[in-house]
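Geometric and topological summary
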Amino acid sequence: MTDPLFEVIDATWPAASVRQAGGFLIREGRGGGARVSAASLIGDLANADIDAAIAAQRDLGQEPKFMLRPGQEALDAALAERGFEAFDPVVILMADLAALPRDVPPVTAFAHWPPLAIAREIWAENGIGPARQAILDRASTPKAAVLDRSRDRAAGAAFVAIHDRIAMLHALVVAPEFRRQGLARAILAEACRWAAAEGATRLSLVVTRANTAALALYRDLGLTPVCAYHYRRETRT
């Protein structure tokens with residue numbers, strides 16, 4: 001049975017296509033990053049075929065990689081034996097929306113859809129290029145872009161979508177010259193306000209362990225780590 005949190009990830013940040021091979025779910029990412037291109041085990045490892053999963057990913061023109069979820073230590077060890085290196089350890093955080101801030105200062109952050117051109121520009125300038133923006137465009141759940149303004153100009157943006165009453169925040173960026181000024185808090189508060197109005201009861205998000213500043217901010221706001229996972233890929237030379 002699929003963990004509900006991973007169902008939320010798949011629904012709110014979807015791959016271009018999915019198929020099955022060797023007991024694994026194969027995602028087609030089209031350059032959108034590991035979250036939408038890594039294979040994940042969907043059955044019993046004893047009956048799975050890692051080689052078939054690798055071949056299916058190569059058929060898509062993708063680097064073979066796997067998402068390792070809690071309880072998949074045997075698969076993790078099997079991939080390590082094959083020389084697959086671990087990368088991007090990730091933490092999923094979550095909190096009840098009722099416990100999170102929703103007060104947004106006037107004329108700062110606002111939710112909308114489709115994204116304004118300036119929101120797309122902010123994303124593109126801060127590492128969320130066309131391949132990742134295509135992910136949020138194809139999400140079919142209730143969704144919104146959140147644009148933040150500071151000093152009369154666009155300063156940050158994020159994407160939020162809902163699945164099964166859980167909102168998940170993605171692609172939060174703040175322009176370098178506006179960081180450490182509380183903009184991320186304002187964006188999150190507006191995302192919470194929008195999500196609650198849409199009937200969500202909880203907010204979740206995914207952060208790499210290396211992003212210690214973001215982890216500290218989210219914990220300070222009341223989000224709690226509830227799950228963790230990582231990836232493995234063929235060792236690069």
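As a reminder, the structure under discussion sits directly above these lines.
Procedures and definitions
- Residues numbered from 1 in each chain as written.
- Predicted model: local features only at pLDDT ≥ 70, side-chain atom pairs only at ≥ 80, totals over all residues.
- Heavy atoms only, no water.
- Helix = DSSP H or I, 4+ residues; strand = E, 2+ residues; numbered from the N terminus.
- Rg over C-alpha atoms; globule rule 2.2 N^0.38 Å.
- Buried < 20%, exposed > 50% of the residue type's maximum accessible area, 1.4 Å probe, protein only.
- Contact = heavy atoms within 4.5 Å.
- Areas by Shrake-Rupley, 256 points an atom, 1.4 Å probe, with all protein chains shown as cover.
- Lys, Arg positive; Asp, Glu negative; His and termini not counted.
- Charge placed at Lys NZ, Arg CZ, Asp CG, Glu CD.
- Phe/Tyr/Trp six-rings, centres within 6.5 Å; stacked < 30°, edge-to-face > 60°.
- Lys NZ or Arg CZ within 6 Å of the ring centre and 35° of its normal.
- Axes fitted to C-alpha atoms, helices over the stretch in contact; angles between N-to-C directions.
- Parallel < 35°, antiparallel > 145°, perpendicular 65-115°, else oblique.
- Left-handed = near helix turned anticlockwise from the far one by under 90°.

**Remarks on the overall build of the protein**
Secondary structure assignment for the protein yields 7 helices and 11 strands. On C-alpha atoms alone, the protein measures out to a radius of gyration of 18 Å, which is about the 18 Å that the 2.2 N^0.38 rule sets for 237 residues. Considering the protein as a whole, with its 237 residues, one finds that 50% of them fall into the buried category. Across the protein, contacts joining residues at least 24 apart in sequence account for 70% of those joining residues at least 6 apart. Of the roughly 10,900 Å² that the protein leaves accessible, carbon and sulfur atoms contribute 49%. A gap of 4 Å separates the mean positions of the 27 positive and 27 negative side-chain charges of the protein.

**Points about the packing of aromatic side chains**
Applying the stated criterion to the full structure yields 7 aromatic pairs. Ring geometry for Phe 24 against Phe 66: centres 5.3 Å apart, planes inclined by 70°, an arrangement best described as edge-to-face. Within this pair, whereas Phe 24 is found in strand 2 (residues 24-28), its partner Phe 66 is found in strand 4 (residues 65-68), the two being separated by 42 residues in sequence. Like Phe 24, the residue Phe 66 is buried in the burial classification. For the pair Trp 113 and Phe 159, a centre-to-centre distance of 5.8 Å together with 55° between the ring planes defines the contact as tilted. Pair noted here: Trp 113 is in the loop between strand 6 (109-112) and helix 4 (117-125) and Phe 159 is in strand 8 (residues 153-163), with a separation of 46 residues, a long-range link. What makes Trp 113 partly exposed here is its relative accessible area of 32%. Grouped by ring-pair contacts, the aromatic residues Phe 6, Phe 87, Tyr 229 and Tyr 231 constitute a single cluster. Positioned above the aromatic ring of Phe 6, the side-chain terminus of Arg 69 is 4.1 Å from the ring centre.

**Quick notes on the packing of helix 6 (residues 183-197) against helix 7 (residues 212-221)**
Across the interface, helix 6 lies against helix 7 with an axial gap of 11 Å and an inter-helix angle of 50°. By the angle between their axes, helix 6 is oblique relative to helix 7. Handedness of the helix 6/helix 7 crossing: right-handed. For the pair helix 6 and helix 7, contact is made by Ala 184, Arg 185 and Leu 188 and by Leu 217, Tyr 218, Asp 220 and Leu 221, respectively.

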